[in-house]
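Inside the fold
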Amino acid sequence: APRTRAYVSSIWKQISRLGRPSATVSTSPTKHKTEWDRVNTAAQHRKDTNSARVIQVLPTAYQNNRSIAAISGVKDHSMAHSTYKELIKRGTKPDTVTYNTVIVGYAKAGELGDAMDLYKEMTSAGCHPHVNTYTSLISAFGRTGQWEPAISLLRDMEIAGVERNTFTYNATISACEKGNQWQKALELFNEMEARCIKRDTISYYATISACENGNQWQKALDLFYEMETKGITHDTITYNATIIACEKGNQWQKALYLFYEMETRGIKRNSTTYSATITACEKGNQWEKALDLFYEMEPKGIKHDTSTFNTIISACEKGDQWQKALNLFNEMEIKGIKHDTITYNATITACEKGYQWQKALDLFYEMENRGIKHDTITYNVTISACEKGYEWQKALDLFYKMDTKGIKRNTITYSAAISACEKGDQWQKALDLFYEIETKGMKRNTNTYNAAISACDKGHQWQKALNLFQEMETKGIKQDTTTYSATISACGQGNQYKKALDLFMEMSEKNIPLATGSYNAVIQALGSDCKNNDLIDVLYEDMLRSLPEFGQRWLRVNKQGELDLHDHSQYMAQAATRRLLRVLQTQEGCDSHEKGSNFKCIIVGQGNNSADGLQLLKAVQAQLESLSPPIASHTQSRNKGRLALSKRDLSEWLKHSE
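Residues numbered from 1 in each chain as written. Predicted model: local features only at pLDDT ≥ 70, side-chain atom pairs only at ≥ 80, totals over all residues. Heavy atoms only, no water.

The name an unreviewed UniProt entry gives the protein is Pentacotripeptide-repeat region of PRORP domain-containing protein, with Sphaeroforma arctica JP610 as the organism.

Structure representation (structure tokens):
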């Protein structure tokens with residue numbers, strides 16, 4: 001009938017937008033199934049939109065479904081939708097196949113709202129979704145990390161009596177993985193075994209990735225090795241996922257083992273494999289291994305990109321290799337590989353750690369010239385670089401520039417700026433910034449308190465330092481070695497040596513690790529009163545036992561006849577000098593006239609907390625001259641940092657002290 005032909009024509013016009021049938025396709029009446037098969041195959045392979053041919057067939061549900069399927073197959077959900085609506089308008093009742101076909105088309109196109117509306121309409125109409133319908137919907141939700149509706153659909157399948165299979169579970173596990181739900185992914189993975197549903201490589205990969213996202217490296221590794229026991233072959237993606245899990249779990253050795261195992265087993269390594277392993281080495285402070293892997297990539301035919309350069313620059317930064325980091329940064333430009341914000345941040349951080357504040361600042365301004373955006377990290381590390389270079393004004397300029405550029409400051413920003421003020425003896429500015437933190441809605445932490453206390457110490461504001469220390473206790477903010485050392489030093493500056501000693505003793509009571517700075521601070525505090533020399537000597541002996549690096553230096557006294565006072569403060573150096581004389585007094589296997597004859601010099605160098613290179617020299621010479629009889633000394637002509645003792649005076653003193 002004419003009406004029937006007109007309807008078929010409207011369907012055909014939709015299909016003809018995609019392609020027209022080949023010349024061999026007949027336009028005369030023929031068996032419906034065969035003819036529509038031929039037409040739809042041609043529609044998917046040809047792109048001639050000018051066809052006006054009409055196939056004179058009756059509009060059965062099969063034909064309508066084939067039309068929709070042809071359109072859905074090329075992910076044109078709008079055409080599938082219009083065809084479906086035309087079908088409804090003509091009074092043709094959609095069947096299960098129609099619904100399934102259109103829903104799958106919507107899901108593939110990412111039109112989840114329309115797909116779910118049709119899914120609900122379908123179930124209300126008494127039609128039953130197919131397993132592929134559920135899988136397509138779950139996969140679509142999974143691609144956007146919507147794990148809750150994905151699991152809900154999986155449970156709907158059970159209620160509807162639709163058999164779930166490997167593909168359905170894999171899609172749901174992937175949805176949980178993308179939604180950072182590692183526990184639910186693991187539950188579904190285990191459920192597969194309980195329901196005797198076969199698990200394949202994708203099942204394991206998706207679950208390992210979920211564990212990796214959840215920082216569950218041990219579970220990821222267990223699943224990886226379980227694959228072998230189940231006879232499931234590993235491939236590049238399962239190795240990559242497991243290496244990334246180890247990297248996130250700071251297990252660089254395990255990551256490296258898996259990396260080399262791939263080569264042994266003949267499994268291809270790609271850019272992701274190398275990047276993940278290099279990152280693992282970077283996190284494990286294995287910059288040399290990371291660099292070896294980086295330079296191995298190109299001979300293996302794997303190109304470097306911005307991401308791999310960023311990772312290796314970061315590895316060099318962690319290894320305090322600022323020059324190598326800068327060389328790699330320059331290598332990127334030579335090779336035409338684009339720098340980004342992460343590249344600059346990592347390189348600036350490397351320069352900051354290497355005390356190269358000028359290079360850090362140059363890179364900072366270079367970013368502006370190249371149109372590369374600064375972020376909070378960029379400002380933080382550049383401010384910190386200026387702080388380490390004692391450029392407090394430049395640090396503050398950058399700090400205030402963040403306001404004008406609309407870049408958000410954080411606690412790290414304030415801590416770096418406060419430290420810069422401390423280095424510049426600007427204790428009042430440091431405190432102003434410290435108190436500004438809470439007005440900006442940020443919480444002060446251990447680092448900000450430490451920076452403020454250190455500023456008060458440098459500014460001889462011991463009471464303010466002590467108040468901040470006590471405030472930390474009141475507010476429940478953790479006090480660490482730096483907190484105590486800075487407060488002890490501040491008390492020393494205020495001649496409050498008893499308070500300083502109490503704080504030092506409290507560190508042991510609270511199991512807070514003692515460091516060089518702690519001993520330096522308390523010995524400096526006690527040193528202002530010469531009556532405390534005996535106590536200082538006891539503390540110095542305790543330091544040698546607690547800090548092996550200092551104990552090792554004393555081995556040089558007997559072996560090389562030298563005493564190294566690097567990292568010693570003024571009063572600590574005097575304590576070391578007194579100890580040296582006691583050691584020489586008790587030398588075994590020597591006659592009285594031979595004692596001290598093998599001793600050569602005291603290495604004073606540039607002492608810790610020194611204003612200049614003469615600080616330790618003066619302290620040691622003052623100690624030697626205070627003896628009875630005094631011991632004369634002089635610096636060596638070739639090296640002013642080496643102090644030689646008068647052999648005659650030393651011998652006289654040793655005899656006199658017997």
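Further notes follow.
1. Observations concerning the overall build of the protein
A tally of helices and strands in the protein yields 35 helices and four strands. By residue count, 51% of the 658 residues in the protein fall in the buried class. If you sum the accessible surface of the protein, you get close to 31700 Å²; carbon and sulfur atoms cover 48% of it. (Helix = DSSP H or I, 4+ residues; strand = E, 2+ residues; numbered from the N terminus. Buried < 20%, exposed > 50% of the residue type's maximum accessible area, 1.4 Å probe, protein only. Areas by Shrake-Rupley, 256 points an atom, 1.4 Å probe, with all protein chains shown as cover.)

2. So, the sheet that holds strand β4 (residues 642–645)
Across the sheet, four strands lie side by side as β1-β2-β4-β3; this open sheet has mixed pairing. The sheet is open, and its two edges are formed by β1 (562–564) and β3 (633–635), each paired on a single side. Strand-to-strand twist of the sheet, defined as the mean angle between neighbouring strand axes without regard to direction, takes the value 25°. (Pairing = 2+ DSSP bridges. Axes fitted to C-alpha atoms, helices over the stretch in contact; angles between N-to-C directions.)

3. Structural notes on the pattern of salt bridges
Summed over the entire model, instances satisfying the criterion amount to 44 salt bridges. Note that E296 and R269 form a salt bridge whose closest N and O atoms lie 3.7 Å from each other. Of this pair, E296 sits in helix α16 (residues 287–297) while R269 sits in the loop between α14 (252–265) and α15 (271–283), and the two are 27 residues apart along the sequence. Taking relative accessible area as the criterion, R269 reaches 10% and is therefore assigned buried. One continuous salt-bridge network, built from bridges that share partners, spans R155, E158, R164, E191 and R195. (Salt bridge = Lys/Arg side-chain N within 4 Å of Asp/Glu carboxyl O.)

4. Some thoughts on the environment of S136
Following the sequence through the fold, S136 ends up in helix α7 (residues 131–143). Taking C-alpha positions, S136 is 9.8 Å from N100, a pair spaced 36 residues apart along the chain.

5. What to know about the pairing of β4
In this sheet, β4 lies alongside strand β2 (residues 601–603) in antiparallel orientation, the contact comprising three bridges. When the bridges of β4 are listed, C601 appears paired with A644. Here β3 pairs with β4 via three bridges, running antiparallel. Residue pairing across strands places T635 opposite L643, the latter belonging to β4. Counting the residues between successive antiparallel strands, the hairpin from β3 to β4 contains six residues.

6. Examining the packing of aromatic side chains
Under the counting rule described, the total for this entry stands at 18 aromatic pairs. Geometrically, the ring pair formed by Y119 and Y134 is edge-to-face, given 5.8 Å between the ring centres and 75° between the ring planes. Of this pair, Y119 sits in helix α6 (residues 112–124) while Y134 sits in helix α7; the two residues are 15 residues apart in sequence, bridging distant segments of the chain. Judged by relative accessible area, which is 1%, Y134 ranks as buried. Relative to Y519, the ring of F504 lies with its centre 5.3 Å away and its plane at 65°, an arrangement referred to as edge-to-face. Remark: Y519 occurs in helix α29 (residues 516–527) and F504 occurs in helix α28 (residues 497–509); sequence separation between them is 15 residues. One aromatic cluster is present, formed by F224, Y225 and Y239 through successive ring pairs. The ring of F189 carries the charged tip of R199 above its face, separated from the ring centre by 4.0 Å. (Phe/Tyr/Trp six-rings, centres within 6.5 Å; stacked < 30°, edge-to-face > 60°. Lys NZ or Arg CZ within 6 Å of the ring centre and 35° of its normal.)

7. Some remarks on the nonpolar core
Judged by nonpolar contacts, the single largest core of 184 residues is most densely connected at I488, L563, L565 and I602. Per element, the largest residue contribution to this core is eight residues, and it comes from helix α33 (residues 570–585). Not counting residues within four places of it along the chain, the set of residues in contact with L563 comprises W554, V557, A576, L580, F599, C601, I602 and I603. (Core = buried A, V, L, I, M, F, W, Y, C linked by side-chain atoms within 4.5 Å. Contact = heavy atoms within 4.5 Å.)

8. Things to note about the side chain of S384
In this structure, S384 sits in helix α21 (residues 376–388). In this structure S384 comes out as buried when scored by relative accessible area, which is 14%. Once residues within four sequence positions are removed from consideration, S384 is found in contact with E352 and A416.

9. Focus on helix α22 (residues 392–405)
Under the 1.5 Å per step criterion, the end-to-end length of α22 is 20 Å for 14 residues, consistent within 8% with the ideal 20 Å. Regarding α22, the residues found buried are W392, A395, L396, L398, F399, K401 and M402. Turning to α22, the residues buried within the fold contact α20 (357–370), α21, α23 (411–423) and α24 (427–439). Directly after α22, the chain includes G406, whose backbone phi takes a positive value near 70°. (Expected span 1.5 Å × (residues − 1).)

10. Focus: unusual backbone geometry
Residue P629 follows S628 across a cis peptide bond; omega there is -5°. Relative to the helices and strands, P629 resides in the loop between α34 (614–625) and β3. The backbone phi angle of Y355 is positive, close to 60°, even though this residue is not glycine. By secondary structure assignment, the location of Y355 is in the loop between α19 (341–353) and α20. The class of Y355 is exposed, set by a relative accessible area of 55%.

11. Structural notes on the packing of α24 against helix α26 (residues 462–475)
Contact geometry for α24 and α26: axes closest at 13 Å, N-to-C directions at 20°. The angle between α24 and α26 places the two elements in the roughly parallel class. Seen along the crossing, α24 lies across α26 with a hand that is left-handed. Contact residues: α24 offers W427, L431, F434, Y435 and E438, while α26 offers K464, L468, E471 and K475. When the residues that make up the contact of α24 with α26 are grouped by side-chain class, the tally is five nonpolar, no polar and four charged. (Parallel < 35°, antiparallel > 145°, perpendicular 65-115°, else oblique. Left-handed = near helix turned anticlockwise from the far one by under 90°. Nonpolar A, V, L, I, M, F, W, Y, C, P; charged D, E, K, R; others polar.)

12. Quick word on the environment of N270
Considering the arrangement of structural elements, one finds N270 in the loop between α14 and α15. Using a relative accessible area of 28% as the deciding quantity, one classes N270 as partly exposed. Through-space distance from the C-alpha of N270 to that of G301 is 9.3 Å; in sequence the pair is 31 residues apart. Those residues within four positions of N270 in sequence are excluded, and the remaining contacts are T236, N240 and I302. Only 2.8 Å separates the side chain of N270 from the side chain of T273, close enough to count as a polar contact. (Polar contact = N/O pair within 3.5 Å; in protein donor to acceptor, adjacent residues only side chain to side chain.)

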